[in-house]
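Analysis of the macromolecular model
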Amino acid sequence: MPALPEYRTRILLERENVPLVNGIFVSPGDEYPSSIPEMPVYLKAQIPGATSRKKHGLVRRVDTPEELQENLDTLLSPGSWGQAEGVLITNGLDLRDEYYAGCMLDFGSEDNLPGGILLFSTEGGSGVEGRSGTLLKMRFSLLHPPSSDRIKKELKGLEGLREHAAVSEFLKGMISTFIGYKLIVLEINPLGVLNDGSVVAVDCRAEFEKSAVRKADRDVFFPPGLKSSRDLTELEEVVELINRDDPSGTGFFRQNRETPSEGAFRVATNLCGGGGKMLWEMTTGSRTDIFTMNESDTSGGLSAFKSYRILMVILAQRDAQVLLLTGSGMAFQNQHHLAAAVWKALRESPTPLPSLLRFGGTDEDKARELFERVSGTLPVRVKTYPAVVFPNAMVDDIMDMAGETTETVQRYKAPRGKPEIIVEIPPGRIYFFPQKWRNDEIPPSIKACPTGFLQWKNGFLHTDPEARCIGCLMCETAALLDGNAEILIELEMPEVVD
Amino acid sequence: MAGILKYIAGIETPKTLVFGITGKQGKSKSRLMRKFGTEIIAGCTPGKGGQEVDGVPVFNSAAEAVSAFPQLNSAVLFVPAGAVKIAAIDALDAGLKFLVLTADGVPAQDEIFLKEYVSTKDSVYLGPNTVGLLDTEGYLFGLIGGSATWAMKNYKPGKVGVVSRSGGLSQLLGAFHCRPNLPGPRADGSYGPLWGDDYPGLSAVLCVGGDPVPGISMLDAAIAFEKDPRTEVMAVYGETGTTQENDLASAVMNGEITKPVVVFLGGKFTKAGVSQSHAGAMIRNENETWEAKQKALLDAGVTVVERPDAVFGAVLGKLKES
């Protein structure tokens, strides 16, 4: 779950009138703050999701303005922790007591409705769950949040607590914040008690769901100007560009950041839809002897043009040993079109991989027939499977094919000359070579066009302005299989992938 | 004969309202549902009341729609994740008995809120994050099959009730029980056609969704199939995360479920705290692990298979026994 650093969590709490220790936020590039709290102060580097900040030197006590300047400069500069969003400077308070407070979700069970859980302990620090006597664990309804009176009643009898009224009011505000922003976790640790018995949040953090963020609150959850922490790999950047050029369907690709265990078989995957991803992960992909190089999801009606482009990226993953493609097995999207994209990628990629292809859904037989015809012409072995064969039954083949070497790959040469037709959405260039089709019959490539976009009139290629190219690759496939390569399609990649 | 909705929500003949009918998804899936046989009486999109989509009148709210068509008893929501909570409350307040929430990515707090909210009503909902429900009596809620032609070709009346936390496997487990000469691993260890042209067929497919707080749970679905006279065996896809499989096991153990149940339990290799394809598959405690669920199900006498293609042979075995 994405995390909110302390200074942004404080904004949410402040809006719900939850008392906070005084603080000033300084971001990189800001001038030295003109007014700072009285010394000593604490400097806290703001890094979402960072834990054990004290231990890693990301929280520092300073006693003089000189120390402040020096430490501020250090924490605002990139370091072993990366680049902090900024530094929060807070008062060094003289606390009478330190408590713990947290809110999280209870997902419920057959016997209990789900809701929220409030954890409160009169001992600060982590590991509250194991405490007894000093721990309150209170379930609460998101529909009818608890009043401060109810919280006060629940706090009764808790060892070491004297400030019942102040704490219950504080916890009520905390629960309002938790519910108001639909957070997953909200933690205040420590919750400080001052000498006058008032309470303040000294440190806090939150976890949230992206889908729960309201438009009006985006500035807090996703501050403008903040450098993206998406940490995309080069290949992921290419897929971002592919999606920008062709927004049809879903084109998701993310590489595995972990290091494969020794001897694990490295599988590049083209998973189609949630069903394909689920089938792979739940049956095979998480095995310890298999290393899934990437997650992917190509579905939702994307064109074969786009499937091809994403496949070119999937195949370009260094160290991958085999390609595995699967969907749920019940795809409504035409499997023959997908097969055409796979065939094109395997013959044009500079780094094709031995491939295991499970086609299931509309025209699945045609998809397999295509590979029966062409697999001997490819520089790698390809095995196709019907939908009734699941990924778990392919493990032996994965291990077998992972050790295979690839034959010398002929460098793909893009068609030369001026393209006959430029398709804008989905983007592609269709080349027609009239010298390769000199008889009177309609070329197979034109006959194969499922929408009627390509027309043959009096021995010439025409396009029907009323029809649309859906980027299915059927024309090129038919030209190569049943014609004389009279049509070729060039699908440029946003960047060179090899 | 009534379909599975009779045992889920007391509905003999669904009369349905479609939220988001004016959107691309709502429009195309409404066509699929109607072509399959679902009676869609009205649509609902706030601010677009008064329009028509394929002859279906559109209202601004469920209350307006129910006022015009009091026979409405169910709804399907094709609205974005962030709008699900408010639309579902609208439908529940209007008195609709059965809802299908298709959206993926509904905030967990909204799911928890709705679960509590619906407990105060005489209604139930399927989802969120579900492909819906298909009953071979002739109605469909959601997007199973993708097109009516494909759905009608693949889902045929018969004896198997499918319950699944995955959309893909809901569709697949349903369709493969209706496929003549389906090959698969047999009880004797050989591999080949499990049956001839006389496939077992389906009563209904019910996808409870892949989220951590489903409205209708696997157990609720199983209890409905227990009551449904067409259903002889249940084929279930379960996985790590939540306690739904554990609850199902308890119900089998205590005799609440007496019909044979075959479970394909996915996620054998899932590590605790790691998110998988479904938000609900994350392991949060030791009861939610694959091992704990397998033990609970086996102890209850449920047939558990570890690979999806083994479901069909196991179902066939149960049908022969019954």
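Treat the numbers as computed from the prediction; the structure is a model and nothing was measured. (Residues numbered from 1 in each chain as written. Chains lettered and ligands numbered in written order. Predicted model: local features only at pLDDT ≥ 70, side-chain atom pairs only at ≥ 80, totals over all residues. Heavy atoms only, no water.)

1. What to know about the overall build of chain B
Formally: Each helix corresponds to a stretch of at least 4 residues labelled H or I by DSSP, and each strand to a stretch of at least 2 residues labelled E; elements are numbered beginning at the N terminus. The quantity called the radius of gyration is restricted to C-alpha atoms. Its globule counterpart is 2.2 Å times the number of residues to the power 0.38. For the exposure calls, accessible area comes from a 1.4 Å probe over protein chains only, and a residue counts as buried if that area is under 20% of its type's maximum, exposed if over 50%, partly exposed in between. It only takes one pair of heavy atoms within 4.5 Å for two residues to be counted as in contact. Charged residues are defined here as Lys and Arg on the positive side and Asp and Glu on the negative side; His and the ends of the chain fall outside this count. Charge coordinates come from a single atom per side chain, which is NZ of Lys, CZ of Arg, CG of Asp or CD of Glu.
The secondary structure content of chain B amounts to 11 helices and 16 strands. Computed over C-alpha atoms, the radius of gyration of chain B comes to 19 Å, within 12% of the 20 Å expected from 2.2 N^0.38 for 322 residues, which places it in the range of a compact globule. Looking at the 322 residues of chain B, the share that counts as buried comes to 63%. Residue pairs at least 24 apart in sequence account for 70% of intrachain contacts in chain B once pairs closer than 6 positions are excluded. Averaging the coordinates of the 30 positive side-chain charges in chain B and doing the same for the 33 negative ones gives two points 6 Å apart.

2. A closer look at the overall build of chain A
On a plain count of helices and strands, chain A comes out with 13 helices and 23 strands. In terms of overall size, chain A is more extended than a compact globule, its C-alpha atoms giving a radius of gyration of 30 Å where 498 residues would be expected to give roughly 23 Å. When the 498 residues of chain A are sorted by exposure, 54% land in the buried category. Considering only contacts in chain A between residues 6 or more positions apart, those separated by 24 or more positions represent 69%.

3. Let's talk about the domain arrangement of chain A
Rules: Domain delimitation in this document rests on an assignment produced automatically or drawn from a domain database.
Here chain A is partitioned into domain 1 (22-91), domain 2 (95-216), domain 3 (234-402) and domain 4 (421-490). Here the C-alpha centre of domain 4 of chain A lies 66 Å away from the C-alpha centre of domain 2 of chain A.

4. So, the packing of helix H9 (residues 335-348) of chain A against helix H13 (residues 474-481) of chain A
All names here are of chain A. As a reminder, the rule being used: Working convention: axes come from line fits to C-alpha atoms, limited for helices to the stretch in contact. Angles between N-to-C directions cover 0 to 180 degrees. A clockwise turn of the near helix away from the far one marks a right-handed crossing, whereas an anticlockwise turn of less than a right angle marks a left-handed crossing.
As a packed pair, H9 and H13 sit with axes 10 Å apart at the nearest point and diverge in direction by 65 degrees. Note on packing geometry: the crossing formed by H9 with H13 is left-handed. Seen from H9, the contacting residues are His336, His337, Ala340, Trp343, Lys344 and Arg347; seen from H13, they are Met474, Glu476, Thr477, Leu480 and Leu481.

5. Overview of a negative patch on the surface
Put simply, the test is: Nonpolar side chains (Val, Leu, Ile, Met, Phe, Trp, Tyr) within 5 Å and like charges within 9 Å form the patches, drawn only from residues with over 30% relative accessible area and no salt bridge. Residue exposure ignores everything except the shown protein chains as possible cover, and the areas themselves are Shrake-Rupley values with a 1.4 Å probe. Salt bridges are identified by distance alone: a Lys or Arg side-chain nitrogen within 4 Å of an Asp or Glu carboxyl oxygen.
Side chains of Glu66(A), Glu67(A), Glu70(A) and Asp73(A) sit close together on the surface and give a patch of like negative charge. Along the chain, Glu67(A) turns up in helix H2 (residues 65-76).

6. Observations regarding the pairing of strand E10 (residues 157-164) of chain B
All names here are of chain B. Heads up, the condition is: Here, strands pair whenever DSSP counts at least two bridges between them.
In this structure, E10 lies alongside strand E13 (residues 202-207), joined through 6 bridges in parallel fashion. Bridge pairing in E13 places valine 163 opposite leucine 206. Bridge analysis of E10 against strand E14 (residues 233-238) gives 5 bridges, and the strand direction is parallel. From the neighbouring strand, valine 162 faces E14, where its bridge partner is alanine 235.

7. Quick word on the packing of aromatic side chains
All names here are of chain A. Operational definition: Any pair of Phe, Tyr and Trp rings, taking the six-membered ring for Trp, is counted once the centres come within 6.5 Å. Such a pair is stacked with planes under 30 degrees apart, edge-to-face with planes over 60 apart, and tilted for the rest.
Within this structure, the stated rule accounts for 16 aromatic pairs over all chains. Pairing phenylalanine 140 with phenylalanine 178 gives two aromatic rings, centres 6.2 Å apart and planes at 80 degrees, and the pair type is edge-to-face. Here phenylalanine 140, found in strand E8 (residues 135-140), pairs with phenylalanine 178, found in helix H4 (residues 164-180); they are 38 residues apart in sequence, far enough to count as distant. Judged by its relative accessible area of 3%, phenylalanine 140 falls in the buried class.

8. Side note on helix H9 (residues 244-253) of chain B
All names here are of chain B. Within H9, 8 of the 10 residues are buried, which leaves the element mostly enclosed by the surrounding structure. For H9, the secondary structure elements touched by its buried residues are helix H8 (218-227), E14, strand E15 (261-265) and helix H10 (290-299). Just downstream of H9 lies glycine 255, where phi reads positive at about 85 degrees.

9. Structural notes on the sheet that holds E10(B)
Residues and elements named next belong to chain B. One open sheet accounts for 7 strands, arranged E9-E8-E13-E10-E14-E15-E16; its pairing is mixed. The sheet is open, and its two borders are formed by strand E9 (139-142) and strand E16 (303-305), each paired with just one other strand. Going from strand to strand, the sheet's axes swing by 15 degrees on average, the running direction of each strand aside. The pairing of strand E8 (residues 132-135) with E13 spans 3 bridges and is classified as antiparallel. By the bridge assignment, leucine 133 is partnered in E13 with leucine 206.

10. Re the nonpolar core
Basically, it comes down to this: Here, the term nonpolar core denotes a set of buried Ala, Val, Leu, Ile, Met, Phe, Trp, Tyr and Cys residues that are joined through side-chain atoms within 4.5 Å.
Core analysis: the biggest nonpolar cluster contains 104 residues, and Ile4(B), Phe98(B), Leu133(B), Phe176(B) and Phe312(B) have the highest contact counts within it. The greatest single-element share of this core, amounting to 7 residues, is contributed by helix H11 (residues 310-321) of chain B. Sequence-distant contacts of Phe312(B), that is, excluding residues within four places in its chain, are made with Phe390(A), Leu172(B), Leu173(B), Phe176(B), His177(B), Leu182(B), Leu194(B) and Trp195(B). Ranked by size, the runner-up nonpolar core spans 63 residues in total, among them Leu235(A), Phe291(A), Ala345(A) and Ala479(A).

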